[in-house]
Amino acid sequence: MVVHQEFKIQSDTRPTFHDVTDRVQTAIEESGLQNGIVLVFSQHTTCSVLIQEQSDDVDYYGTQLILQDMVNGLSKIFPTCETNGQYAHPGPLHVEIAGRERGEEPWWSLNTDAHLRSVLLGRSESIPFLDGKMQLGEFGRIYFADFDQVRARERTVRVQIIGE
């Protein structure tokens, strides 16, 4: 049997992380399935889904320190896009089409770092579940990460449950 659910989260104008573990577990319970695999997926190209340990300490924004450490490390690989021309993308044609067809402001396209970070980390995680419980280990949590820093947006988290 296959069950699909989705839910919304709200991002901010900095890298944001949402612990979606409990919502995914609830989706499994609501499905009535006992054994299988759950896929947690982001359809957004500047977002990732990842499994990480819960860090009890947070910074002034409420970001867990281990997740902020990851952002700091990723910033060394893909520095935050701050100016036009810092990366080859976006080119003038992309900015023109985004404005004309999607009503986007030109500076909204200064998110190349977010696209590259998302590709590096991946946009989904598959987790086995047994007897209705995800097998994440003692400290594992599922996070939905939005690396786009140019605007806050509502995001969709997709959950596909396959099992019996």
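Just so we're clear, the structure is a prediction, and the values are computed from it rather than from any experiment. (Residues numbered from 1 in each chain as written. Predicted model: local features only at pLDDT ≥ 70, side-chain atom pairs only at ≥ 80, totals over all residues. Heavy atoms only, no water.)

Colleague: Tell me what's going on with the sheet that holds strand β8 (residues 154–163), and back it up with residues and numbers.
Modeller: Two orientations exist for strands paired in a sheet by backbone hydrogen bonds: parallel and antiparallel. What the 5 strands build is an open sheet, ordered β1-β8-β3-β5-β6; its pairing is antiparallel. Each edge of the open sheet is held by one strand with a lone partner, namely β1 (2–10) and β6 (133–134). Two strands pair when backbone bridges link them, and strand β3 (residues 36–42) and β8 are joined in this way by 7 bridges, in the antiparallel orientation. Bridging from a neighbouring strand, Val38 pairs with Ile161 of β8. (Pairing = 2+ DSSP bridges. Helix = DSSP H or I, 4+ residues; strand = E, 2+ residues; numbered from the N terminus.)

Colleague: Break down the environment of Val20 for me, with residues and values.
Modeller: You can see Val20 is positioned in the loop between β2 (16–19) and α1 (21–31). For the pair formed by Val20 and Ile142, sequence separation is 122 residues and the distance between their alpha carbons is 5.7 Å.

Colleague: Let's hear about the packing of aromatic side chains: which residues, and what values?
Modeller: Scanning the model with the defined rule gives 2 aromatic pairs in all. Taking the centre distance of 6.1 Å and the plane angle of 85° together, the rings of Phe17 and Phe147 count as edge-to-face. A residue pair is termed long-range when its members are at least 10 positions apart, and Phe17 in strand β2 and Phe147 in the loop between β7 (140–146) and β8 qualify at 130 residues. According to the relative accessible area criterion, Phe147 is buried, its value standing at 1%. Measuring from centroid to centroid gives 6.1 Å for Trp107 and Trp108, while their planes differ by 80°, and the two rings are edge-to-face. Judged by its relative accessible area of 45%, Trp107 is partly exposed. One residue, Arg151, lies across the ring of Trp108, its end atom 3.8 Å from the ring centre. (Phe/Tyr/Trp six-rings, centres within 6.5 Å; stacked < 30°, edge-to-face > 60°. Buried < 20%, exposed > 50% of the residue type's maximum accessible area, 1.4 Å probe, protein only. Lys NZ or Arg CZ within 6 Å of the ring centre and 35° of its normal.)

Colleague: I'd like a rundown of the nonpolar core, residues and numbers included.
Modeller: Residues Val24, Val38, Met134, Ile142 and Ile161 are the most contacted members of the largest nonpolar core, which totals 21 residues. Counting residues per element, the ones that place at least two in this core are β1, α1, β3, β4 (47–53), β5 (124–130), β7 and β8. Non-local contacts of Ile142, meaning those with residues more than four positions away in its chain, are made with His18, Asp19, Val20, Thr21, Val24, Val40, Val49, Leu50, Ile51, Ile127, Met134 and Leu136. The next biggest cluster of nonpolar side chains, apart from the first, holds 10 residues, and it includes Phe17, Leu50, Met70 and Ala114. (Core = buried A, V, L, I, M, F, W, Y, C linked by side-chain atoms within 4.5 Å. Contact = heavy atoms within 4.5 Å.)

Colleague: Please set out the pairing of β8 residue by residue, giving values where relevant.
Modeller: As defined by bridge partners, β1 adjoins β8 across 9 bridges and the pair is classed as antiparallel. Bridging from a neighbouring strand, Ile9 pairs with Arg155 of β8.

Colleague: How would you explain the side chain of Asp113 if you had to name every residue and give the values?
Modeller: Relative to the helices and strands, Asp113 is located in helix α4 (residues 112–121). Look at Asp113 and you get buried, because its relative accessible area is 2%. Apart from the residues within four sequence positions on either side, Asp113 is in contact with Phe78, Pro79, Thr80, Cys81, Tyr87, Phe147 and Gln149.

Colleague: Any chance you could break down the sheet that holds β7 for me, citing the residues and the numbers?
Modeller: Reading across from one edge, β2-β7-β4 is the order of the 3 strands in this open sheet, with antiparallel pairing throughout. Taken across any chain shown, the strands that pair with only one partner, and hence form the sheet edges, are β2 and β4. Within this sheet the neighbouring strands show an average axis-to-axis angle of 30°, counted without direction. Here β4 pairs with β7 via 7 bridges, running antiparallel. Directly across from Cys47, in β7, lies its bridge partner Asp146. (Axes fitted to C-alpha atoms, helices over the stretch in contact; angles between N-to-C directions.)

From the geometry alone we can't say anything about function, so treat these as descriptive.
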